[in-house]
Amino acid sequence: MKKSLHFFLILVATILVSCESAYIVTSKNIKHGGANKNINLYAFVGKKISVTEFGPNENKESEPTGEYEIDEETGDTLKFVRKHYVMDRAFKCKYRVIKKMFNYLENDTVEFIAYDHYGTPRFAERDTVILYLSKSKDGGHYFHQKYQFDNVYINKKGHYYSFPKFSGSESPETIEGMTGFDKTFSDEKYDVSNLNPEAIKMYYPPTFYKIENNFAIPIRAIYLNKLTNYRLSTTFKDL
């Protein structure tokens, strides 16, 4: 009986450890398809269903501040209110979830709000992209991490891959530490004619890009697990 009880306790402990391991407690070395309930980020490969612009300031209500002042001309009491005004263009987006990369969206489709200061979000130019969402503070909706997306490709074996984008603040160790494979993306070109040589090296390091006729062209690819790790340790390290 004691032997059976001892085995049962070991089995329970193993199950608990296995369940908890699904949630990594650090943003480093996350596994592809992993989750971390402490990081407000949802990464996935998504296929566009619809992207519709709407007025972000419609039906905005004024918020009382609790401050008052007497108008010097009329003698009336003025109540101060606060009203938020969004300067960006806003879009309601609906995407089909093709492949989950980090944290788990409840359904195979997701709706979210995207803001862009310059116009229609660039991710909407393609049918299928890698998107990064977060959940609102009240948990009522998802919103797009502004300007953040990655192009995505699939090989003959059905494996998804992409290439990394750099902000210029990455350490040489971070760049060199990303193992990838040779792949020239001839359809992807970035104009570097206005950048000096040092800036070009920062944003388009030679490990992953070649410079040709004043354009930077990606020449090295990484699989989605590497991309997830990279994004979590750089772009989204403070989430």
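Note that the structure is a prediction, hence the values are computed from the model and not measured. (Residues numbered from 1 in each chain as written. Predicted model: local features only at pLDDT ≥ 70, side-chain atom pairs only at ≥ 80, totals over all residues. Heavy atoms only, no water.)

Engineer: It is not clear to me how the pairing of strand β5 (residues 109-116) should be interpreted in this structure. Could you clarify?
Structural biologist: Each regular strand shows side chains that alternate between the opposite faces of the sheet. Inspection of the sheet shows strand β4 (residues 89-102) paired to β5 by 8 bridges, in the antiparallel sense. When the bridges of β5 are listed, Arg-96 appears paired with Thr-109. Between β4 and β5, which pair antiparallel one after the other, the connecting turn spans 6 residues, and Asn-103 there sits at a positive phi close to 60°. The pairing of β5 with strand β7 (residues 142-151) spans 2 bridges and is classified as parallel. Across the sheet, residue Ile-113 finds its bridge partner in β7, namely Phe-143. (Pairing = 2+ DSSP bridges. Helix = DSSP H or I, 4+ residues; strand = E, 2+ residues; numbered from the N terminus.)

Engineer: Help me understand the nonpolar core in this model?
Structural biologist: Soluble globular proteins tend to bury their nonpolar side chains together. Ile-130, Tyr-209 and Leu-227 are the most contacted members of the largest nonpolar core, which totals 31 residues. Mapped by element, the contributors of at least two residues to this core are β1 (42-54), β4, β6 (128-135), β9 (160-162), β14 (220-223) and α4 (224-233). Top contributing element to this core by residue count: α4, with 4 residues. With sequence-adjacent residues up to four places away left out, Tyr-209 is seen in contact with Phe-163, Pro-164, Lys-165, Phe-166, Tyr-190, Tyr-203, Tyr-204, Ala-216, Ile-217, Pro-218 and Ile-219. Counting residues in each nonpolar core, the second largest holds 17 residues, with Phe-44, Tyr-95, Val-129 and Leu-133 among its members. (Core = buried A, V, L, I, M, F, W, Y, C linked by side-chain atoms within 4.5 Å. Buried < 20%, exposed > 50% of the residue type's maximum accessible area, 1.4 Å probe, protein only. Contact = heavy atoms within 4.5 Å.)

Engineer: In this structure, what is going on with the sheet that holds β14? I would like to understand it.
Structural biologist: In any sheet, the strands associate via hydrogen bonds between backbone groups, in a parallel or an antiparallel arrangement. Judged by pairing direction, the sheet is antiparallel, and its 4 strands sit side by side in the order β8-β9-β14-β10 without closing on themselves. Edge strands, defined here as strands with exactly one partner in the open sheet, are β8 (153-154) and β10 (181-182). When β9 meets β14, the two strands line up antiparallel, connected through 2 bridges. Note on β14: the bridge partner recorded for Tyr-161 is Tyr-223. Along the sheet face, α4 touches β9 and β14 and points at about 90° away from the line of β14. (Axes fitted to C-alpha atoms, helices over the stretch in contact; angles between N-to-C directions.)

Engineer: Is there a simple way to think about a nonpolar patch on the surface in this case?
Structural biologist: There is a patch of nonpolar side chains on the surface, built from Leu-195, Met-202 and Tyr-203 and spanning about 230 Å² of accessible area. With respect to the secondary-structure elements, Tyr-203 resides in helix α3 (residues 197-203). (Patch = residues over 30% accessible without salt bridge, like charges linked within 9 Å, V, L, I, M, F, W, Y side chains within 5 Å. Areas by Shrake-Rupley, 256 points an atom, 1.4 Å probe, with all protein chains shown as cover. Salt bridge = Lys/Arg side-chain N within 4 Å of Asp/Glu carboxyl O.)

Engineer: Hey, could you run me through the confidence of the model for the protein in this one?
Structural biologist: Low-confidence regions, as indicated by low pLDDT, have predicted coordinates that should not be scrutinised in detail. Overall, the prediction assigns the protein a mean pLDDT of 83, with 77% of residues at 70 or greater. Per-residue pLDDT stays below 50 along residues 1-31; that stretch engages in 17 contacts with residues further than four places along the chain or on separate chains. (pLDDT = per-residue confidence, 0-100.)

Engineer: How should I be thinking about the pairing of β6 in this particular structure?
Structural biologist: The buried fraction of β6 amounts to 6 of the 8 residues, a majority that puts the element mostly inside the structure. Inspection of the sheet shows β1 paired to β6 by 6 bridges, in the antiparallel sense. Along β6, the bridge assignment pairs Ala-43 with Tyr-132. For β6 and β7, the ladder comprises 6 bridges, and the chain directions are antiparallel. When the bridges of β7 are listed, Leu-133 appears paired with His-144. Here β6 folds back onto β7 in antiparallel fashion, the turn holding 6 residues, of which Gly-139 has a positive phi close to 75°.

Engineer: Just checking my understanding: could you explain the side chain of Asp-150 for this structure?
Structural biologist: Structurally, Asp-150 is set in strand β7. Within polar-contact distance, the side chain of Asp-150 engages the side chain of Tyr-132 at 2.6 Å. Reaching out from Asp-150, the side chain makes a polar contact with the side chain of Arg-231 at a distance of 3.0 Å. Discounting chain neighbours no more than four positions away, the residues touching Asp-150 are Val-129, Ile-130, Tyr-132, Ser-162, Phe-163, Lys-165, Leu-227 and Arg-231. (Polar contact = N/O pair within 3.5 Å; in protein donor to acceptor, adjacent residues only side chain to side chain.)

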